[in-house]
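Residues per chain are reported as follows:
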Amino acid sequence: MSRRTSLKLTDERERQLEKASEIVASGPDDDPPMSVVIDAALAHLIQSEENICTARDELAPATIQQFNTDVLGLRYRTQIESRWR
(Lines give C-alpha, C1' and ligand atoms only; values in the text may rest on other atoms or scores of the structure.)
Protein backbone atom coordinates (compact mmCIF):
# COMPACT_ATOMS: atom_id res chain seq x y z
CA MET A 1 0.00 0.00 0.00
CA SER A 2 1.38 3.36 -0.90
CA ARG A 3 1.06 6.22 1.56
CA ARG A 4 -0.35 9.50 0.42
CA THR A 5 -0.68 12.73 2.29
CA SER A 6 -4.13 13.59 0.96
CA LEU A 7 -7.34 11.73 0.23
CA LYS A 8 -9.15 12.79 -2.92
CA LEU A 9 -12.88 12.77 -2.30
CA THR A 10 -14.69 12.08 -5.55
CA ASP A 11 -18.47 12.44 -5.60
CA GLU A 12 -18.83 8.66 -5.38
CA ARG A 13 -16.40 8.39 -2.46
CA GLU A 14 -18.19 11.23 -0.68
CA ARG A 15 -21.51 9.40 -1.15
CA GLN A 16 -20.03 6.19 0.23
CA LEU A 17 -18.55 7.99 3.23
CA GLU A 18 -21.91 9.62 3.94
CA LYS A 19 -23.71 6.25 3.78
CA ALA A 20 -21.05 4.65 6.00
CA SER A 21 -21.34 7.56 8.43
CA GLU A 22 -25.08 6.91 8.75
CA ILE A 23 -24.36 3.26 9.55
CA VAL A 24 -21.71 4.12 12.17
CA ALA A 25 -23.68 6.98 13.77
CA SER A 26 -25.28 6.22 17.12
CA GLY A 27 -28.38 8.20 16.21
CA PRO A 28 -29.85 10.70 13.74
CA ASP A 29 -28.08 13.63 15.40
CA ASP A 30 -24.66 11.95 15.60
CA ASP A 31 -22.04 13.01 13.05
CA PRO A 32 -18.99 10.77 13.57
CA PRO A 33 -15.59 12.00 12.37
CA MET A 34 -14.29 10.58 9.10
CA SER A 35 -11.51 8.75 10.95
CA VAL A 36 -14.10 6.79 12.96
CA VAL A 37 -16.02 5.90 9.80
CA ILE A 38 -12.84 4.74 8.04
CA ASP A 39 -11.73 2.74 11.12
CA ALA A 40 -15.14 1.03 11.24
CA ALA A 41 -15.01 0.19 7.52
CA LEU A 42 -11.52 -1.27 7.85
CA ALA A 43 -12.50 -3.32 10.92
CA HIS A 44 -15.56 -4.63 9.07
CA LEU A 45 -13.49 -5.64 6.04
CA ILE A 46 -10.98 -7.53 8.18
CA GLN A 47 -13.69 -9.25 10.24
CA SER A 48 -15.64 -10.20 7.10
CA GLU A 49 -12.60 -11.87 5.59
CA GLU A 50 -11.96 -13.75 8.85
CA ASN A 51 -15.62 -14.85 8.99
CA ILE A 52 -15.51 -16.18 5.42
CA CYS A 53 -12.30 -18.09 6.18
CA THR A 54 -13.87 -19.61 9.30
CA ALA A 55 -17.10 -20.52 7.51
CA ARG A 56 -15.30 -22.26 4.63
CA ASP A 57 -14.94 -25.45 6.67
CA GLU A 58 -18.47 -25.35 8.06
CA LEU A 59 -20.71 -24.32 5.15
CA ALA A 60 -21.12 -25.33 1.54
CA PRO A 61 -19.49 -22.96 -0.97
CA ALA A 62 -22.89 -22.15 -2.51
CA THR A 63 -24.15 -20.96 0.87
CA ILE A 64 -21.14 -18.74 1.48
CA GLN A 65 -21.35 -17.32 -2.05
CA GLN A 66 -24.72 -15.82 -1.13
CA PHE A 67 -22.77 -13.45 1.13
CA ASN A 68 -20.12 -12.48 -1.43
CA THR A 69 -19.67 -8.76 -1.93
CA ASP A 70 -17.90 -6.58 -4.48
CA VAL A 71 -14.87 -6.64 -2.17
CA LEU A 72 -14.71 -10.16 -0.74
CA GLY A 73 -16.00 -13.42 -2.03
CA LEU A 74 -15.44 -17.14 -1.91
CA ARG A 75 -14.36 -18.62 -5.19
CA TYR A 76 -14.90 -22.35 -5.35
CA ARG A 77 -13.86 -23.92 -2.06
CA THR A 78 -10.15 -23.30 -2.22
CA GLN A 79 -9.55 -19.59 -1.80
CA ILE A 80 -10.86 -16.24 -0.69
CA GLU A 81 -10.71 -13.73 -3.48
CA SER A 82 -10.57 -9.96 -3.15
CA ARG A 83 -12.12 -8.39 -6.20
CA TRP A 84 -11.50 -4.83 -5.11
CA ARG A 85 -8.25 -4.44 -7.06
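Residues numbered from 1 in each chain as written. Predicted model: local features only at pLDDT ≥ 70, side-chain atom pairs only at ≥ 80, totals over all residues. Heavy atoms only, no water.

Novice: Can you help me understand the overall build of the protein chain in this one?
Specialist: Helix and strand content of the protein chain: 3 helices and 2 strands. Each helix (α) and strand (β) of the protein chain, taken in turn from the N terminus, gives the series α-α-α-β-β. For the protein chain, the residues scored as buried account for 14% of the 85 residues in total. Residue pairs at least 24 apart in sequence account for 16% of intrachain contacts in the protein chain once pairs closer than 6 positions are excluded. As presented, the protein chain carries roughly 7200 Å² of accessible surface, and 51% of it is formed by carbon and sulfur atoms. (Helix = DSSP H or I, 4+ residues; strand = E, 2+ residues; numbered from the N terminus. Buried < 20%, exposed > 50% of the residue type's maximum accessible area, 1.4 Å probe, protein only. Contact = heavy atoms within 4.5 Å. Areas by Shrake-Rupley, 256 points an atom, 1.4 Å probe, with all protein chains shown as cover.)

Novice: Is there a simple way to think about a negative patch on the surface in this case?
Specialist: A contiguous patch of negative charge, built from D11, E14, E18, E22, D29, D30 and D31, is present on the exposed surface. Mapped onto the fold, D31 is located in the loop between α1 (11–24) and α2 (34–55). A relative accessible area of 64% places D31 in the exposed class. (Patch = residues over 30% accessible without salt bridge, like charges linked within 9 Å, V, L, I, M, F, W, Y side chains within 5 Å. Salt bridge = Lys/Arg side-chain N within 4 Å of Asp/Glu carboxyl O. Lys, Arg positive; Asp, Glu negative; His and termini not counted. Charge placed at Lys NZ, Arg CZ, Asp CG, Glu CD.)

Novice: How should the packing of α1 against α2 be read in this particular structure?
Specialist: Two quantities define a packed helix pair, namely the angle between the helix axes and the distance between the axes. Two numbers describe how α1 lies on α2: the axes approach to 9 Å, and their chain directions differ by 85 degrees. Considering their axes alone, α1 and α2 lie roughly perpendicular with respect to each other. Here L17, A20, S21 and V24 of α1 come into contact with α2, specifically with M34, V36, V37, I38 and A40. (Axes fitted to C-alpha atoms, helices over the stretch in contact; angles between N-to-C directions. Parallel < 35°, antiparallel > 145°, perpendicular 65-115°, else oblique.)

Novice: Looking at this structure, how should I read the environment of P32?
Specialist: Within the secondary structure layout, P32 lies in the loop between α1 and α2. Through-space distance from the C-alpha of P32 to that of A20 is 10.0 Å; in sequence the pair is 12 residues apart.

Novice: Please clarify how the side chain of S21 should be interpreted in this entry.
Specialist: Looking at where S21 falls in the secondary structure, it is placed in helix α1. Excluding its chain neighbours within four sequence positions, the residues that come into contact with S21 are D31, P32 and V37.

Novice: I would appreciate a short explanation of the confidence of the model for the protein chain in the present structure.
Specialist: Per-chain confidence: the protein chain averages 82 in pLDDT, with 80% of residues scoring 70 or above. By mean pLDDT, strand β2 (residues 79–82) is the weakest element of the protein chain at 61, and α1 is the strongest at 93. (pLDDT = per-residue confidence, 0-100.)

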